[in-house]
Amino acid sequence: MIVAHLDLDAFFAAVEELEDPSLRAVPLVVGGDPRGRGVVATANYVARRFGIHSAMSCAEALRRCPQARFVRPRHALYKDYSREVWTTIREIVPTVEQAGIDEGYLDLGEVASGFDDARALAEAVRAVVRARTRLSCSLGVATSKVVAKVASDRRKPGGLTAVRPGQEASFLSPFPIRLLPGVGPRAEERLVAAGIETIGQLAEMSDAELNAHLRGVVGRQLRDRARGIDPRPLEVSTERISISHEETFERDVADREKLHDELRRQAERLASYLHDRGQVARTVTTKLRYPDFAIRTRSTSLAVGTDDPVRIGALACSLLDRALRDRPGPLRLVGVGLSGLADHVQLSLPASV
């Protein structure tokens, strides 16, 4: 197996910087009220120079950097950008385990013939994500999920670390045990109390030593991971849960009727796909990309699924109008997505007696 772990760098803060470029030069904290009990969700790299990090109290962040700008999280917006990132990635690497809104695992071995090809593929993913979304990501490439996860954090932001086969244990060895996925605060406390402070020391523990401090399956599993042994496959759904189509214009389009025509055309293609497979969709989503690459999506869900192109097109146009009321302007791209797919159920009246 050759797998990559991809982590979007300071994701929430990076999106806020895309939406307002003036924030790039200031210490930016995305989180709660600094004068209340708010917690830091993430901070940009300017703020991190002051020692501000995720899960810190916003009050402490303010104390460390009084000039920091605090913004409340906008989760719907972050989901728009996340959806764009993972759609882009799946165009290059089809099999993906999305572990969160800003991180996931990519099955490089499925599409690369060897480790060097896999590394080059990871470089391509990083470049395409940057070009398509203007977001930075860091990747780790390795033969297992645990090593790839640790490797992805080595060269942030925007770096790539590849751990070649056979080098897993030596790569992990010098790092503090808290960096090993699966080692929680209690396990770390027990191990440090026993003088085990690095991943390499954990890897060298005998069965007797392990049983004294981390009994059972969990202890053996953590020791295996410390040695770079992690047989877990990617957890992916084989069921197609959504379909979409989008169009990037050669020139930005402001004409509302032209935008509507394009959405109706896409709706017809998607409805044809549903009809051919005997499916219906309950949720319609319209996607907009502006000239500055800002992304917006708007969705609506139906009580009963449909494969009617006219209805899908009308809903998509209505969602576009709603989004343009929130942010007017010409568009670089529009798209339609359908989700909540299910088999079409033909209802019939009972035969008369």
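Since the model is a prediction, treat every value here as computed from it, not as a measurement.

In this section: the packing of helix α1 (residues 11-19) against helix α4 (residues 75-92). Direction vectors running N to C along α1 and α4 enclose 90 degrees, while the axes themselves pass 10 Å from each other. With respect to α4, the element α1 is oriented roughly perpendicular. Residue-level contacts link Phe 11, Phe 12, Val 15, Glu 16, Leu 18 and Glu 19 of α1 to His 75, Leu 77, Tyr 78, Tyr 81 and Ser 82 of α4. Per-class residue counts for the contact of α1 with α4 are seven nonpolar, two polar and two charged.

Moving on, we get to the side chain of Asn 44. Of note, Asn 44 is situated in the loop between β3 (40-43) and α2 (45-48). Of the polar contacts made by the side chain of Asn 44, one reaches the side chain of Glu 17; its length is 3.0 Å. If we ignore the near neighbours within four places in the chain, the residues touching Asn 44 are Ala 13, Glu 17, Leu 23, Arg 24, Val 26, Pro 27 and Leu 28.

Time to look at the pattern of salt bridges. Enumeration over the complete set of coordinates arrives at 26 salt bridges. One salt bridge in this structure joins Lys 287 and Glu 84, with 2.1 Å as the shortest N-O distance. Here Lys 287 is found in strand β10 (residues 279-289), whereas its partner Glu 84 is found in helix α4, with 203 residues between them in sequence. Look at the salt bridges and you will find they share partners, linking Glu 84, Glu 246, Lys 287 and Arg 289 into a network.

We now examine the sheet that holds β3. Sheet architecture is open: three strands sit in the order β3-β2-β4, paired in mixed fashion. Unpaired on one side and paired on the other, β3 and β4 (69-71) mark the two borders of the sheet. Neighbour-to-neighbour, the strand axes of the sheet open up by a mean angle of 25 degrees, direction not taken into account. Of the strands in this sheet, β2 (28-31), β3 and β4 touch α1, which is tilted by about 115 degrees from β2.

Time to look at the pairing of strand β12 (residues 331-343). Taken residue by residue, a regular strand's side chains alternate between the two faces of the sheet. Relative to β12, strand β9 (residues 242-253) runs antiparallel, the two being bridged by eight bridges. Bridge pairing in β12 links His 245 to Val 336. Alignment of β10 against β12, held across 10 bridges, turns out to be antiparallel. Among the inter-strand pairings, Thr 285 is bridged to a residue of β12, identified as Gly 337.

Okay, the sheet that holds β9 next. Read from one edge to the other, the open sheet built from four strands follows the order β9-β12-β10-β11, with strand pairing classed as antiparallel. Of all strands in the sheet, those with a lone pairing partner are β9 and β11 (295-306), marking the two edges. Sheet twist, expressed as the mean angle between neighbouring strand axes with direction ignored, is 15 degrees. In this sheet, β11 lies alongside β10 in antiparallel orientation, the contact comprising eight bridges. Note on β11: the bridge partner recorded for Arg 289 is Ile 295. Across the sheet, helix α12 (residues 256-276) is in contact with β9, β10, β11 and β12; its angle to β9 comes to roughly 155 degrees.

Rules used in this analysis
- Residues numbered from 1 in each chain as written.
- Predicted model: local features only at pLDDT ≥ 70, side-chain atom pairs only at ≥ 80, totals over all residues.
- Heavy atoms only, no water.
- Axes fitted to C-alpha atoms, helices over the stretch in contact; angles between N-to-C directions.
- Helix = DSSP H or I, 4+ residues; strand = E, 2+ residues; numbered from the N terminus.
- Parallel < 35°, antiparallel > 145°, perpendicular 65-115°, else oblique.
- Contact = heavy atoms within 4.5 Å.
- Nonpolar A, V, L, I, M, F, W, Y, C, P; charged D, E, K, R; others polar.
- Polar contact = N/O pair within 3.5 Å; in protein donor to acceptor, adjacent residues only side chain to side chain.
- Salt bridge = Lys/Arg side-chain N within 4 Å of Asp/Glu carboxyl O.
- Pairing = 2+ DSSP bridges.

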